[in-house]
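Close look at the chain arrangement
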Amino acid sequence: MGDPLTPQVSKRICKHMNEDHADAVALYARVFGQVEGVVQARMEAIDAEGMDLQVEVDGAVRKLRIPFDHPLKDSEDAHHTLIAMLKQARAQLRQAAG
């Protein structure tokens, strides 16, 4: 069982995602946020309902909320959900390029 999604856990997840998986965060913005031309994206917060991203497009920075398909129970659920979303995003891009 994972940790509850407290602000401290959100900060830890965001730090990990931004430092080690920046490409995945940009892909979340592109596919689930339907934002084209993403130059850079940072995960600012994550909670049970979704994630808040800061996205750079054409020199402008904007905020973006990506909802989850279910309320997250804890950090372990967040981990599995983010991986599943990444796989889904990659599959959608492959299908679109088809």
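These remarks concern the structure in this document. (Residues numbered from 1 in each chain as written. Predicted model: local features only at pLDDT ≥ 70, side-chain atom pairs only at ≥ 80, totals over all residues. Heavy atoms only, no water.)

This brings us to the sheet that holds strand β2 (residues 50-57). The strand order across the open sheet formed by 3 strands is β1-β2-β3, and the pairing between neighbours is antiparallel. Strand pairing shows two members of the sheet lacking a second neighbour, β1 (38-46) and β3 (60-67), which therefore form its edges. Between one strand and the next, the sheet's axes are offset by a mean angle of 25°, whatever the strand orientation. Here β2 runs beside β3; their pairing, made up of 8 bridges, is antiparallel. Bridge assignment links Gln 54 to a residue of β3, and that residue is Lys 63. Across the face of the sheet, helix α2 (residues 22-31) comes into contact with β1, β2 and β3 while running at roughly 95° to β1. Helix α3 (residues 75-97) rests against β1, β2 and β3 of the sheet, and its axis sits at about 160° to β1. (Pairing = 2+ DSSP bridges. Helix = DSSP H or I, 4+ residues; strand = E, 2+ residues; numbered from the N terminus. Axes fitted to C-alpha atoms, helices over the stretch in contact; angles between N-to-C directions. Contact = heavy atoms within 4.5 Å.)

Another aspect to go through is the pattern of salt bridges. Under the defined criterion, the tally for this structure stands at 5 salt bridges. In this structure, the salt-bridge partner of Arg 65 is Asp 52, at a minimum N-O distance of 3.0 Å. Remark: Asp 52 occurs in strand β2 and Arg 65 occurs in strand β3; sequence separation between them is 13 residues. A relative accessible area of 37% means that Arg 65 is categorised as partly exposed. You can call Asp 52 partly exposed: its relative accessible area is 26%. Overlapping salt bridges, with partners in common, bring together Asp 47, Asp 52 and Arg 65 in one network. (Salt bridge = Lys/Arg side-chain N within 4 Å of Asp/Glu carboxyl O. Buried < 20%, exposed > 50% of the residue type's maximum accessible area, 1.4 Å probe, protein only.)

Another point: the nonpolar core. In globular proteins that are soluble, nonpolar side chains generally tend to be buried together. By size, the foremost hydrophobic cluster in this structure holds 28 residues, and its most contacted members are Tyr 28, Met 43, Ile 46, Met 51, Leu 53 and Leu 82. Where this core is concerned, the elements lending two or more residues are α1 (7-20), α2, β1, β2, β3 and α3. Considering each element in turn, this core owes the most residues, 7 residues, to α2. Excluding residues that lie within four positions of it along the chain, Ile 46 makes contacts with Ser 10, Ile 13, Cys 14, Met 51, Phe 68, Leu 72, Ala 78 and Leu 82. (Core = buried A, V, L, I, M, F, W, Y, C linked by side-chain atoms within 4.5 Å.)

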